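Overview (structure and organization)
If you want the building blocks of each chain, they are given just below.
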Amino acid sequence: MSRVPIFDGHNDTLLKLYRQRQDGGPGFFDRSDQGHIDLPRAREGGLGGGFFAVFVPSARSSNTDSPSSPPAPIELGYAQQVTLTMAAQLFRIESESGGQVKVVRTVDEIVGCLESGVLAAILHFEGAEAIDPNLDALEVFYRAGLRSLGLVWSRPNTFAHGVPFGFPASPDTGPGLTDAGRELVRACNRLGILIDLSHLNEQGFWDVARISTAPLVATHSNAHALCATTRNLTDRQLDAIKESDGIVGLNFSVSFLREDGGKDPDVPLETMLRHLDYLAEHLGIDRVGLGSDFDGTTVPREIGDVTGLPKLMAALAAHGYDEASLRKIAHENWIRVLGKTWKGT
Ligand SMILES: [Zn+2]
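So, a few notes on the structure that sits alongside this text. (Residues numbered from 1 in each chain as written. Predicted model: local features only at pLDDT ≥ 70, side-chain atom pairs only at ≥ 80, totals over all residues. Heavy atoms only, no water.)

Our next topic: the packing of helix H6 (residues 179–191) against helix H7 (residues 202–211). Axes are the key here: two packed helices are described by the angle between their axes and the distance separating the axes. Interhelical geometry of H6 versus H7 gives an angle of 45 degrees and a closest axis separation of 10 Å. On the basis of their axis angle, the class for H6 and H7 is oblique. Here the hand of the crossing between H6 and H7 comes out right-handed. Contact residues: H6 offers Arg182, Val185, Arg186 and Asn189, while H7 offers Asp207, Val208 and Ile211. Looking at the contact of H6 with H7, its residues break down into three nonpolar, one polar and three charged. (Axes fitted to C-alpha atoms, helices over the stretch in contact; angles between N-to-C directions. Helix = DSSP H or I, 4+ residues; strand = E, 2+ residues; numbered from the N terminus. Parallel < 35°, antiparallel > 145°, perpendicular 65-115°, else oblique. Left-handed = near helix turned anticlockwise from the far one by under 90°. Contact = heavy atoms within 4.5 Å. Nonpolar A, V, L, I, M, F, W, Y, C, P; charged D, E, K, R; others polar.)

In structure tokens, the structure reads:
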């Protein structure tokens, strides 16, 4: 039986590889049991591609979605140095893959990859610390392949304020975008770079909603009504995303799924289904996707790693999602939103 390829809204595999390289661990082409994604396991799990995040660590913390220390701002020079190293890693993976991995810059390239079984990687920055206020680096990174940018990770920078991790708490944690942040939104619209709202605080979210001409996107967030973490989206935010014809990628992080916000990985698949149902009810089936957060967080034990994706899809089918809906969740919704966001085909 042929499987629907999955296009995923967020992984931190480049961060894992960056750390493993420092520690002499396995590379992307080696099958290992470390973390969640490598090429052999991606193939086994039916992963067709996704957003590969460049994340600049504040300190040595293993989870990007539940750090042990409070996130402090980081400097441009340091951020650029780490960003270049991690982006270069992705380009090296592409060139060493013998055609098995492609860094995609257009929707046509993604569609081609999904049809031919080449793993499609979008270069995404999780936080804009490597971008200078004049946006010179943005132009250069765009030319290199940057197609998706989170204005912030969960810490303040020149452009905006990220949500600190809190539970139970509202995502309304501080001020909105700076003037430079508003300019960055306009520049992303002009270039056709997707703006990711997942780590932004609520005021920043509304600022982007007012300024941006593109669909609103949260690549890896869940429903605040079901798990009251600052990283999840309120009903009002979901309404705005729906109105813009945007998308939310379901985050597999147990802390953003569990009603108690805890870190215990014994989370039944039903909890993931409950969030997905809620997102689909509020956004419509055309505006829900997956945003696993693989390699950046603790995921339910039942999923385990990327090879657990077929389990989730089977659970969705058993839960009543028909073939057409599964295709939308798996990749079609991402492709539509990217088509409306990026310039060129
Ligand atoms: Zn994240």
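The element strand S5 (residues 146–150) is extensively covered by neighbouring structure, given that five of its five residues are classed as buried. Alignment of strand S4 (residues 119–126) against S5, held across four bridges, turns out to be parallel. When the bridges of S5 are listed, glutamate 126 appears paired with glycine 150. For the crossover from S4 across helix H5 (residues 136–144) to S5, the handedness is right-handed. Sheet analysis places S5 next to strand S6 (residues 194–196), joined by three bridges and oriented parallel. (Buried < 20%, exposed > 50% of the residue type's maximum accessible area, 1.4 Å probe, protein only. Pairing = 2+ DSSP bridges. Right-handed = clockwise from strand over helix to strand, strands pointing away.)

Cis rather than trans, the peptide bond between phenylalanine 167 and proline 168 has omega equal to -15 degrees. Relative to the helices and strands, proline 168 resides in the loop between S5 and H6. Phi angles above zero are rare outside glycine, and aspartate 293 is one such case at about 70 degrees. Mapping aspartate 293 onto the fold places it in the loop between strand S9 (288–290) and helix H11 (309–318). The phi dihedral of aspartate 295 falls on the positive side, at around 70 degrees, and the residue is not glycine. Mapping aspartate 295 onto the fold places it in the loop between S9 and H11.

As a further point, take the coordination of the zinc ion. Bound to the zinc ion are the protein donor atoms Glu126 (OE), His199 (NE2) and His220 (NE2), situated 2.1 to 2.2 Å from the metal. Sequence spacing among the residues donating to the zinc ion works out to E-x72-H-x20-H. One end of the pair, histidine 199, is in the loop between S6 and H7; the other, histidine 220, is in the loop between strand S7 (217–218) and helix H8 (235–243), and 21 residues separate them in sequence. (Donors = N, O, S within 2.8 Å, 3.2 Å for Na, K, Ca; no water.)

Summed over all chains, the structure comprises 18 salt bridges. When the shortest N-O distance is used, the salt bridge between arginine 155 and glutamate 129 registers 2.7 Å. Here arginine 155, found in the loop between S5 and H6, pairs with glutamate 129, found in the loop between S4 and H5; they are 26 residues apart in sequence, far enough to count as distant. For glutamate 129, a relative accessible area of 6% gives the class buried. Notably, a salt bridge pairs glutamate 183 with arginine 186, separated by 2.9 Å at the nearest N-O pair. You can see glutamate 183 and its partner arginine 186 sitting in helix H6, three residues apart, about one turn around the helix. Residue glutamate 183 is classed as partly exposed on the basis of its relative accessible area, which comes to 42%. Within the structure, one salt-bridge network assembled from shared partners comprises Asp179, Arg182, Asp207 and Arg210. (Salt bridge = Lys/Arg side-chain N within 4 Å of Asp/Glu carboxyl O.)

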